[in-house]
Amino acid sequence: MAEVRIEGLHKEFRGKPPTVAANNLSLTIGDGEFLVLLGPSGCGKTTTLRCLAGLESPDRGRITIGGTLALDAGRGVDLPPEKRDIGMVFQSYALWPHMTVRRNVEYPLRARKLTRGLQEGWVEDTTKLVEVDGLLDRYPGQLSGGQQQRVALARGLVARPGLVLFDEPLSNLDARLRDQVRSQLHQLHSRLHFTAVFVTHDQTEALSLADRIAIMNKGAIEQLDTAQRVFEEPATEYVAGFMGMTERLPMERRDGHWCLEDGTVVQGVPESLRAGSSIVARVRPQDTYVEPQGTALPGGSAGFVAEVEDVAFAGRFSDVVVRVGARRLQGRTLPGSGQGGLEPGRAACVRFAADRAAFYAPDGQRLAGNPVGGARDGR
Amino acid sequence: MAADLLRNKATGFAMKRIALAGFVALLGVLVLLPLVRIQGLAFANGGQGYLDAFGRAAIWTTIRNTVALAVGSTIVALVFGTLLAWWATQLSPRLQWLRVLPVLPIVIPAVASVSGWAFLLSPRPGYINALLRNLPWWSDLRFGPADIYSLFWIVAITGFALSAFVYLFVSSGLKNINSELLEAARTSGASAFGVFFQITLPLLRPVLVYGGGVALLLGLGQFTAPLLLGTNQGITVLTTDMYFATQNEPVNHAAAAAIGSPLLIFGLIMVFGQKIMLGDQARYITHGGRAFRPAGKPSGLAAAGIFTYFVVTTLAPLVSLGILSLSPFWSANPKWSAMSLDNFRVVFGESVIVGAIWNSVTTSLLAVAIALVIGFIVSVVTLRGRRYPVLRMLMDVIVALPLGVPAVIFGVGFLLAYSTQPLMLYGSRWLIVIVYVTLMLPFTTRMQLSGMMQLGTAYIEASRVCGANYLKTDLWVTLPLMRSTLGGAAALMFVLLTHEFTASVLIRTPRNQVMGTVLFDYWGNGGYPVVAAIALIMTGVTAIGVIMAMLLGGRDALSRM
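Residues numbered from 1 in each chain as written. Chains lettered and ligands numbered in written order. Predicted model: local features only at pLDDT ≥ 70, side-chain atom pairs only at ≥ 80, totals over all residues. Heavy atoms only, no water.

**A word on unusual backbone geometry**
Residues and elements named next belong to chain A. The phi dihedral of Tyr-93 is positive, around 70°, even though this residue is not glycine. Given a relative accessible area of 7%, Tyr-93 falls into the buried group. Notably, Lys-218 is not glycine yet its phi reads approximately 50°, a positive angle. For Lys-218, the location among the structural elements is in the loop between strand S10 (212–217) and strand S11 (220–226). (Buried < 20%, exposed > 50% of the residue type's maximum accessible area, 1.4 Å probe, protein only. Helix = DSSP H or I, 4+ residues; strand = E, 2+ residues; numbered from the N terminus.)

**Side note on the domain arrangement of chain B**
Residues and elements named next belong to chain B. When its domains are assigned, chain B resolves into domain 1 (14–47 + 338–561) and domain 2 (56–324). One C-alpha centre belongs to domain 1, the other to domain 2, and the line joining them spans 23 Å. Taken residue by residue, the interface counts 58 residues in domain 1 and 50 residues in domain 2. Summing both sides of the interface, domain 1 and domain 2 together bury roughly 4500 Å²; the carbon and sulfur share of this comes to 76%. In this structure, the connection of domain 1 to domain 2 is made through two residue pairs in polar contact (both at pLDDT 80 or more). (Domains from an automatic or database assignment. Contact = heavy atoms within 4.5 Å. Buried area = accessible area lost by both parts, 1.4 Å probe. Polar contact = N/O pair within 3.5 Å; in protein donor to acceptor, adjacent residues only side chain to side chain.)

**Section: the interface of chain B and chain A**
The extent of an interface is frequently quoted as the accessible surface area lost upon association of the parts. Contact with chain B, which involves 22 residues of that partner, is made by 29 residues of chain A. Between chain B and chain A, a total of about 2200 Å² is buried, with carbon and sulfur atoms accounting for 65% of that surface. With a closest N to O distance of 2.6 Å, A:Glu82 and B:Arg464 form a salt bridge. Scanning the region where chain B abuts chain A turns up eight residue pairs in polar contact (both at pLDDT 80 or more). The set of elements that each furnish at least two residues to the side of chain B that touches chain A consists of helix H1 (2–54), helix H20 (458–465) and helix H21 (470–481) of chain B. Counted by class, the side of chain B that touches chain A contains 14 nonpolar, four polar and four charged residues. (Salt bridge = Lys/Arg side-chain N within 4 Å of Asp/Glu carboxyl O. Nonpolar A, V, L, I, M, F, W, Y, C, P; charged D, E, K, R; others polar.)

**Quick notes on the sheet that holds strand S9 (residues 195–200) of chain A**
All names here are of chain A. The strand order across the open sheet built from six strands is S7-S8-S9-S3-S10-S11, with neighbouring strands paired in mixed fashion. For this open sheet the edge positions go to strand S7 (86–89) and S11, each flanked by a neighbour on one side alone. Strand-to-strand twist in this sheet, taken as the mean axis angle between neighbours without regard to direction, amounts to 15°. Where strand S3 (residues 34–38) meets S9, five bridges bridge the pair, whose relative direction is parallel. Bridging across to S9, Val-36 finds its partner in Phe-198. Against the sheet, helix H5 (residues 145–157) contacts S7 and strand S8 (163–167), and its axis sits at roughly 170° relative to S7. (Pairing = 2+ DSSP bridges. Axes fitted to C-alpha atoms, helices over the stretch in contact; angles between N-to-C directions.)

So, in structure tokens, the structure goes:
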């Protein structure tokens, strides 16, 4: 178990133009915390992880793992991976094909000369935890993808390292297996309380595993917060887009009303917002309801009129595409309403609860006075 | 504590740099010393070597012959190599083993196949010529119709040998062509021939340019065929001219050194050009490849074509060796009743020949062992030595040089560099070993480097985050995973070295021979049946190496060169 401190981590890859993979990044990961680095590919999350592992040499910065100085670029300290108290699980599993499962899992104990672990049966314990104890004498080539992943997990955990690093370990599994291994990993962490840094681009994975999520953009952290806060109160428009708030509504103040680009008036925009003359609203498609024109706007909701383009049956509700000006939006009918009386080409009323949306300044920063967390924002 | 860390790190870094610098310096001595010595001698006394070499009228005929040989054999090699590679994609699953046949000219000793060809197509007693003279329109001939001792046939035979290299390059190029590109052309209405000329060939252009360049380089440095076939007719090329300058009275080492310069310059251009075009090797690391589906339906014609080519260019010379090795003397009409194993008895009874065979095998094995170690270190530094950019680049160029510089130049260079004090190794077996190691540097590096790149970085990184340092990682992970690559590389180098002739013939001494040179001596004395027997034994030793390579390195082992 270990606390991990990253201070001013900076890493650039040469090229034209150079890629900044970690931009003066600072971060403290608590002892036993499960931190997820979330972001699209190329945002620098894997590079950050590899700097923690010692597989990449940063240009600047300091890293301490459990009180041990692992990196101080200014003073030329850069411990090689084998001298850091870590375990790592790779995307490709990287199980050595010429060793049995047992040899693979006991490798960290041998390499670190942890004879105590070998004698006390840590290999058996760990493989039992991830339910591969029956496969010890097989070779990796004889295992399924899910089994290989769990062996890789056991190898990462067996030496009881202070810090365990996960590099998109679930992305090579099919959807059902991924859910299984994910919940198994969650249980393992609540039982063993290792400090973990987990890299992924999948928000579902991040939300279910993380104590805290760090959302990365161009080598910097856009937001670092609990899963719930990141989900409900995305700090920037970038984070909102990444957390499923894919519908985007830029608005301008005209004659005392908030209007969309084509002049359509949006009613019910919260008055509490401390905004200038333009704002951007972000909302999830599943929170955007489309109803026949003339339906009254409930309290606490914002709404506007748009033209229905397409209605597709989706079970308890229908997915609706509406158009307002040149902008297309995704929404749905109310649950249980089927087609909801909508027809392509007709006008309809689009609404969303203001406290399910998030409002941003044009530069992408969250506005003070948002219905959710507005009080905190106003600090 | 941090200060301690700092100091340890700095000294560790410096130690590693010094060790690496020493290693690169050693490689530099191995490869560059002979080249420096050779140029030093050529330029000595106001460039007397150059004056002697290029002041003769005959040199221009020699240069013309050299260019004709290189260009002609490259064209032959490009045509046949491409055709064979194209055919090889159309083999039915049952006939996939035919794919290995076009590679065989690489592994059959050049002295064996060239002498085999001579026994087939020598104007008077050549077996095929004798058969052809039975045809009604040639029945009045007493010689011919073919004359192996001519530039035309030297070009053709060299071209057949080089076609194997083009075949390897084009085959791997074809594998990288997405078969859907070809299928798209077929479904757009193109015929099989249309697809080949309109889609496949244009896509192969980079490979053909590269393969053609390699063939041209090898054609320029070609030694065995012109030496064995051209000498009596006075057909000389630069390589044989160099050889004669070191052997015939008056011996003129300076002239020999100068004659090689055009070859040396062309080789350097090729090596540097390739380095510039490829850039950083580490960029080519992949994490597994996509599967390739062969295009088109299996074709019986393709199988027949590959097999026919094999019979004509590869099997026929071996058969002629077989017939002659069993005959008491070389005549146009071998007498089956007089056949015996006497020639082999002579071979195994002659201490010089037995000594040469033993010498070949032991020096080759020793050189392979040394080359494997060097190649491993070079590959590791190439992939991981980002901290030493200058040393790494130097090393990279040094180990690539022996591929571009013809073996005959190394032969002369080593002769000059190691026949004076303080490096007096001439006449010792160690000189042969050192030359062999030098010649193998590009092969051992390329094969191990590509093996390591195929492994990817994940296995090694996984081991390091598990707490193993580089040494442990290499011992426990890299080496075991590279076992087949190493085995294949060792066997292939053994093959190449046991039939090495060009450099050997320059540095051998009468008491210190290898198989190829002792064969050459018997060729010069007219002991043709014994030549055939030695050639077959060489081929047999080679075959053992090839089989080992396939067992250790897998069926594709031969295509890794």
